Amino acid sequence: MRYDPFDPAVMADPLPYYRVLRDEHPVHYLETWDTYALSRFDDIWNMLEINDGTFVASEGTLPAAAVLARHNDGPVADPPLHPMPFHANFDSPIYEDVRRCTATPFRPKNVAKLRDRIRVLANERLDELLPLGRFDLTQDYGGIVAASVVCELVGLPAEMAADVLATVNAGSLAQPGSGVEVANARPGYLEYLTPVVERTRAGEPGDLPIVDNLLAYRLPDGSALSDMEAAVQMLGVFIGGTETVPKIVAHGLWELSSRPDQLADVVSDLDANVPVAREEMIRYCAPAQWFARTLRRPFTLHGTTMRPGQRIISLLASANRDEREYPQPDEFLWNRPIARLLAFGRGQHFCLGAHLARLEITIMVTEWLKRVPEFRVDAAAASRPPSSFQWGWNNLPVDVHGVGG
Ligand code: HEM
């Protein structure tokens, strides 16, 4: 069995590989990348819990193949302070301090305040889409709603959502053999974000706690972030907030629609059942495949000792389908018990947007099911492009004929 995350065959459908890895090679060494792949739920759960500097994302949480091709002789130091790359590449305290700057809108209380706005955005989209009869469930519905929320969080008008969505989609297309570098070197993304920072620094009024916090932040040497450096710290929100939720909403609705019994169960009490079904949608449909850490200290698992400088990739998408955690993991079962979930990661880098993601999914699924009792996904025209990063249903054409809105 040859598993390589950048192999076109793996990028086209990694799931069969994950099963073999879990059963036979739970700590799988990838010689080309000097990297170990962990595939079992428990191993990843326990590894991500370790927060003592053993693992640092000093080469990025999603390094491209070109980065992994360079083998390290020992631990990789934090990057230079300036120009400052995305903060996830730093160890404590810089990582946590900058993350905190971007965290204000994502606290549960602040997320709850977005409920009505998200509901309005979802219904405005449905008003426009349903009369069309046929459209793209991923991009036209969830994509625009999620990108609109991101726009408003980072100080852009919601009217720019379609542009933002197209930019993020284009940037996340992974090339076989090379992967995708999401967090850094993204001038296209910074063209949206840097002007927002410039305007805030110039005193333009706006309720933008993320930007305010980043401008007030001082690095341990007392220096401040430039406009561009502050914009770079917002990339996680820009990308993470735009691309994952729409794929889960569309794919999750598709799974329900192809199981009429389950759909009827969920619809029988939307307020009680959608939050339950949402967790299964996240487990079953979450598109992110893996995230990386570089070792700073030796780490031993199942008798294999990994050296400082080597990397671990945690195959979260494999953990979501681990039969040791979830019986019959390849079945979609709207109300299966989900005691533990790794789809949002765990520990230090736990998804900043998890509360928002859950709220968005709940609202988008609920509003859809209220207004669209019957719909048919055109499976033959659906597309899930090969990817080492976000392997999800980018395009799901849906027919809603007869539903006027
Ligand atoms: C269901 C949808 C989502 C899923 C499944 C998801 C998944 C993840 C995962 C697995 C990580 C951890 C990466 C790692 O361990 O290196 C992560 C990190 C992150 N996510 Fe999400 N995400 C979702 C939605 C969102 C949303 C809506 C936002 C923001 C609006 C967001 C923002 C972020 C950010 C900023 C990080 C980086 C955290 C850090 O390294 O400090 N995500 N996400």
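By the naming in an unreviewed UniProt entry, the protein goes by Cytochrome P450 and is assigned to Mycolicibacterium gilvum.

Draft legend 1. Focus on the coordination of the iron atom of the ligand. For the iron atom of the ligand, the protein supplies a single donor, Cys351 (SG), at a distance of 2.3 Å. In this fold, cysteine 351 is placed in the loop between helix H16 (316-319) and helix H17 (354-371).

Draft legend 2. Quick look at the nonpolar core. Membership of the largest hydrophobic core comes to 108 residues, with the highest contact counts inside it found for Leu137, Tyr141, Phe238, Ile312, Trp368 and Leu369. The element that contributes the greatest number of residues to this core is helix H13 (residues 235-257), accounting for 11 residues. Not counting chain neighbours up to four residues away, the residues in contact with phenylalanine 238 comprise Val150, Leu156, Val164, Val168, Tyr189, Tyr192 and Leu193. Listed in part, the 17 residues of the second largest apolar core include Phe6, Leu68, Trp290 and Phe389.

Draft legend 3. Quick look at the side chain of glutamate 229. Mapped onto the fold, glutamate 229 is located in helix H12 (residues 227-233). As a buried residue without a salt bridge, glutamate 229 has its nearest oppositely charged side chain in arginine 201, at a separation of 7.4 Å. In terms of polar contacts, glutamate 229 uses its side chain to reach the backbone amide nitrogen of serine 226, at 2.8 Å.

Draft legend 4. Broad picture of the site of the ligand. The immediate surroundings of the ligand are formed by 25 residues, with Tyr95, Arg99, Arg293, His349 and Cys351 found nearest. Contacts to the ligand include arginine 293, whose side-chain N or O atom sits 2.7 Å from an oxygen atom. One of the side-chain N or O atoms of histidine 349 is found 2.8 Å from an oxygen atom in the ligand. Elements with a contribution of two residues or more to the shell around the ligand: helix H5 (94-103), H13, strand S5 (291-295) and H17. If you tally residues by element for the shell around the ligand, the top one is H13, at 7 residues. Here the shell around the ligand is composed, by residue class, of 15 nonpolar, 8 polar and 2 charged.

Draft legend 5. Representation of the pairing of S5. Most of S5 sits out of view: 4 of its 5 residues are buried. Two strands pair when backbone bridges link them, and S5 and strand S8 (residues 311-314) are joined in this way by 4 bridges, in the antiparallel orientation. Across the sheet, the residue bridging to threonine 294 is arginine 311, located in S8.

Draft legend 6. Representation of the sheet that holds strand S4 (residues 134-136) in the model. Across the sheet, 3 strands lie side by side as S4-S10-S9; this open sheet has antiparallel pairing. Pairing within the sheet leaves two strands with one partner each, and these edge strands are S4 and strand S9 (376-377). As paired elements, S9 and strand S10 (residues 397-399) share 2 bridges and run antiparallel to each other. If you follow arginine 376 over to S10, its bridge partner there is aspartate 399. Contacts from helix H8 (residues 137-153) reach S4, S9 and S10, with the element oriented near 65° to S4.

Draft legend 7. Representation of the side chain of threonine 242 in the model. Tracing the sequence through the fold places threonine 242 in helix H13. With relative accessibility at 1%, the residue threonine 242 sits in the buried group. From its side chain, threonine 242 meets the backbone oxygen of phenylalanine 238 in a polar contact 2.6 Å long. Not counting chain neighbours up to four residues away, the residues in contact with threonine 242 comprise Ala146, Ala147, Val150, Val164, Leu165, Val168 and Val237.

Rules used in this analysis
Residues numbered from 1 in each chain as written. Predicted model: local features only at pLDDT ≥ 70, side-chain atom pairs only at ≥ 80, totals over all residues. Heavy atoms only, no water. Donors = N, O, S within 2.8 Å, 3.2 Å for Na, K, Ca; no water. Helix = DSSP H or I, 4+ residues; strand = E, 2+ residues; numbered from the N terminus. Core = buried A, V, L, I, M, F, W, Y, C linked by side-chain atoms within 4.5 Å. Buried < 20%, exposed > 50% of the residue type's maximum accessible area, 1.4 Å probe, protein only. Contact = heavy atoms within 4.5 Å. Lys, Arg positive; Asp, Glu negative; His and termini not counted. Salt bridge = Lys/Arg side-chain N within 4 Å of Asp/Glu carboxyl O. Polar contact = N/O pair within 3.5 Å; in protein donor to acceptor, adjacent residues only side chain to side chain. Near = heavy atom within 4 Å. Nonpolar A, V, L, I, M, F, W, Y, C, P; charged D, E, K, R; others polar. Pairing = 2+ DSSP bridges. Axes fitted to C-alpha atoms, helices over the stretch in contact; angles between N-to-C directions.

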